[in-house]
Amino acid sequence: MTVSIPPAKRRPTIDDVASTAGVSRGTVSRVLNGGHWVSPDSLAAVNAAIKKTGYRVNPHARSLATSRANSVAFLLSETHDRLFEDPNFAALMQGASTALAARDISLVLIMAGTVDEQRRATEFINAGHVDGVLLVSSHSTRSGLISDIVAANIPAIACGVPLGFERKMGYVAADDYNGAREMIGYLGSHGRRRIATIAGPDDTSGGRRRLDAYIAEQGAAYEPSMVARGDYSRASGAAAMTELLSRHPDLDAVFAANDMMAAGAIDVLTNAGRRVPHDVAVAGFDDAPIATSMDPQLTTMRQPFGRISEEMVRLLLRVIDGERPATIILPTDLIIRASA
């Protein structure tokens, strides 16, 4: 006689719990990890779904899940080419990696320059693969990524002011405004009267604050046509310098919102037969490695990138431990070289 054995009932999974609770798989994972970064409503919904579905955690898996990932994401919301072109990102990443290594914590680089990359980054972070996020190069036009991190209550610290989320996410930033004002004042104190600027992107805190400083320092002499915008790349600095020269061939100084754009400006001025600094003084912002490899070497405003990354790590680890997010503004230093 043949005896039919009824099929075994399928064991409920995390996906079943997530579907029943109406939350993401990552939220369920965080509840199983101890409930960190989960809202009270979501926590209640997940616990109710666990009871309803009969979900059970393997004791060994649970012991692994309750420990931290022991890693932190370096989340860069830029395209891949910018990672290799802009040395500031490498400096921040190296500083953060060193600070975390001293605490035996790994740093995971996550690129989020496209919509698909941002989606994958959000899923990876929400799944609990990292304990927190160091957000670098935040753009207000890509606020969805920041919004997802804030909504999920994931510990995060931004490099620079996260526009629109200043009261919801901690950050470490250089004093963009006062640093830029000091640079414009320096150019004016050295006899420059027709000072133009190459501003950074308007959807970044540095781009906005350095332009605000230029406008304030110019006062009644401010002319909107003396402003051209770039995207922090060398090519955009060259294009902006070409635009400024066509409008104001009598300009005698240019303040670029970063050193890469200042390098592009010098390229154009040199090709146009303008001597730097004799005819046109050029100043930048950052004190990136390119500042000392140019001819002439660049007068610039130094950002303390090592200190910025160290403070970002320190603040993030405090948020991971349950403290409220904090903000730090660090001073900049005027570095005078041959270009101005």
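An account of the accompanying structure is given in this report. (Residues numbered from 1 in each chain as written. Predicted model: local features only at pLDDT ≥ 70, side-chain atom pairs only at ≥ 80, totals over all residues. Heavy atoms only, no water.)

**Regarding helix α11 (residues 234–247)**
For α11, built from 14 residues, the straight-helix expectation of 20 Å at 1.5 Å per residue is met to within 8% by its first-to-last C-alpha distance of 20 Å. Buried within α11 are the following residues: S236, G237, A238, A240, M241, L244 and L245. Buried positions along α11 lie against β6 (195–199), β7 (227–229), β8 (253–256) and α12 (259–271). (Helix = DSSP H or I, 4+ residues; strand = E, 2+ residues; numbered from the N terminus. Expected span 1.5 Å × (residues − 1). Buried < 20%, exposed > 50% of the residue type's maximum accessible area, 1.4 Å probe, protein only. Contact = heavy atoms within 4.5 Å.)

**Considering the environment of M169**
Relative to the assigned elements, M169 resides in the loop between β4 (156–159) and β5 (170–174). Taking the relative accessible area as the measure of exposure, M169 reaches 4% and is therefore buried. When the C-alpha atoms of M169 and A235 are compared, they prove to be 32 Å apart, with 66 residues separating the residues in sequence. Sequence-distant contacts of M169, defined by excluding residues within four places in its chain, comprise L135, I146, I149, V150, A156, A158, P162 and P325.

**Overview of the sheet that holds β7**
Taken in spatial order, the four strands line up as β7-β6-β8-β9 in an open sheet, and their pairing is parallel. In the strand order of this sheet, the two ends are held by β7 and β9 (281–283), each with one partner. Within this sheet the neighbouring strands show an average axis-to-axis angle of 15°, counted without direction. Taken together, the four bridges between β6 and β8 define a ladder with parallel strand orientation. Counted as the bridge partner of I195 is A253 from β8. Each of β6, β7 and β8 is contacted by helix α10 (residues 205–218), which is oriented at about 165° to β6, the strand it contacts most. The sheet strands contacting α12 are β6, β8 and β9, and the helix crosses β9 at an angle near 160°. (Pairing = 2+ DSSP bridges. Axes fitted to C-alpha atoms, helices over the stretch in contact; angles between N-to-C directions.)

**Some points on the pattern of salt bridges**
For side chains bearing opposite charge, pairing can occur when the charged atoms are close. If you walk through the whole model with that rule in mind, you get 17 salt bridges. Note that E223 and R194 form a salt bridge whose closest N and O atoms lie 2.5 Å from each other. With E223 in the loop between α10 and β7 and R194 in the loop between α9 (176–189) and β6, this residue pair connects regions lying 29 residues apart in the sequence. Since its relative accessible area comes to 23%, R194 is described here as partly exposed. R302 is the partner of D287 in a salt bridge, and the nearest nitrogen-oxygen pair spans 2.6 Å. (Salt bridge = Lys/Arg side-chain N within 4 Å of Asp/Glu carboxyl O.)

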